[in-house]
Amino acid sequence: LLNPEERSRTQWIAKSETLRRLLETAPESFTGSEDKALLIDARKDFDATFSIFSQFMEDHNKERRAAGKGFDFTEAETRQIGQVFLKAYALSDSIGRLHESALRSRTKARDRGALSVIVVIIGGVFAIFINSAIINRILAKRIAALREGAEIIGAGDLDYRIGVDGNDELTALARASNDMAAKLKGSFTSVANLQKEIAQRIQ
């Protein structure tokens, strides 16, 4: 209104079209019923503002604008301008509330993301502790069985065999202990047979 030249009108139309496109694509970003109601109100206020102001601009002849003179508003036009301002303020208020809602949603999403990360970390640490406890228990059980088997074999029971289960160092040690017991038994058997043969020859 204060700059009645074509450039100002072109800029106003371009910015209005940009705002129209934003309002058309905004429903994709808002899912709440309150936000949707705000969007409907914002769209209505925008359409009303654009329609009233466009009509107001068309009602004035181009010669007055080209001459660079300001508008001489009638009472009816003043009321129209007041309506434009009211609708524009309502539109601005709706958009401001939508912006605050978007910020709240973003903050909630960020908090949920942070909580999820914390839960995952705590769950991972808990799982590591549980796995460590289970592995320690299994290892302790296998080491105890290996120690018990070594004591039994060392006490002279060469027929005893340590349970072989798995494919690791403890399994290899158990297998080696069993092989040692078998070889010792073979050696003692040979000695016993030799002693028996010596006794028979002496006899």
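Here, every reference points to the structure presented above.
Residues numbered from 1 in each chain as written. Predicted model: local features only at pLDDT ≥ 70, side-chain atom pairs only at ≥ 80, totals over all residues. Heavy atoms only, no water.

### Some words on the nonpolar core
Counting residues in each nonpolar core, the largest one holds six residues, listed as L146, I153, L158, I162, A174 and A181. In this structure A174 touches L146, I162, G163 and V164, once residues within four positions along its chain are discounted. (Core = buried A, V, L, I, M, F, W, Y, C linked by side-chain atoms within 4.5 Å. Buried < 20%, exposed > 50% of the residue type's maximum accessible area, 1.4 Å probe, protein only. Contact = heavy atoms within 4.5 Å.)

### Section: the side chain of D35
By the element assignment, D35 lies in helix α2 (residues 33–58). Buried and without a salt bridge, D35 has R104 as its closest oppositely charged side chain, separated by 5.5 Å. When residues no more than four places from it in sequence are discounted, the contact partners of D35 are F30, L98 and S101. (Helix = DSSP H or I, 4+ residues; strand = E, 2+ residues; numbered from the N terminus. Lys, Arg positive; Asp, Glu negative; His and termini not counted. Salt bridge = Lys/Arg side-chain N within 4 Å of Asp/Glu carboxyl O.)

### Re the packing of helix α4 (residues 75–154) against helix α5 (residues 169–202)
Running from amino to carboxyl end, α4 crosses α5 at an angle of 10°, the nearest separation of the two axes being 11 Å. By the criterion of interaxial angle, the relationship of α4 to α5 is roughly parallel. Contacts between α4 and α5 involve L139, R142, I143, L146 and I153 from the former and L170, T171, L173, A174, S177 and A181 from the latter. (Axes fitted to C-alpha atoms, helices over the stretch in contact; angles between N-to-C directions. Parallel < 35°, antiparallel > 145°, perpendicular 65-115°, else oblique.)

### Focus on the packing of aromatic side chains
Using the criterion set out here, one finds four aromatic pairs in the structure. Centroid distance W12 to F50: 5.2 Å. Interplanar angle 15°. Geometry classified as stacked. Taken as a pair, W12 in helix α1 (residues 6–25) and F50 in helix α2 lie far apart in primary sequence, 38 residues in all. With a relative accessible area of 26%, W12 lands in the partly exposed category. Taken together through their ring pairs, the aromatic side chains of W12, F46, F50 and F53 make up a single cluster. For R20, the ring lying beneath its charged end belongs to F50, and the centroid distance is 4.9 Å. (Phe/Tyr/Trp six-rings, centres within 6.5 Å; stacked < 30°, edge-to-face > 60°. Lys NZ or Arg CZ within 6 Å of the ring centre and 35° of its normal.)

### Focus on the side chain of D45
By the secondary structure assignment, D45 is in helix α2. One buried charged side chain, D45, makes no salt bridge at all; its nearest oppositely charged neighbour is K87, positioned 4.2 Å away. Discounting chain neighbours no more than four positions away, the residues touching D45 are K87, A90, L91 and S94.

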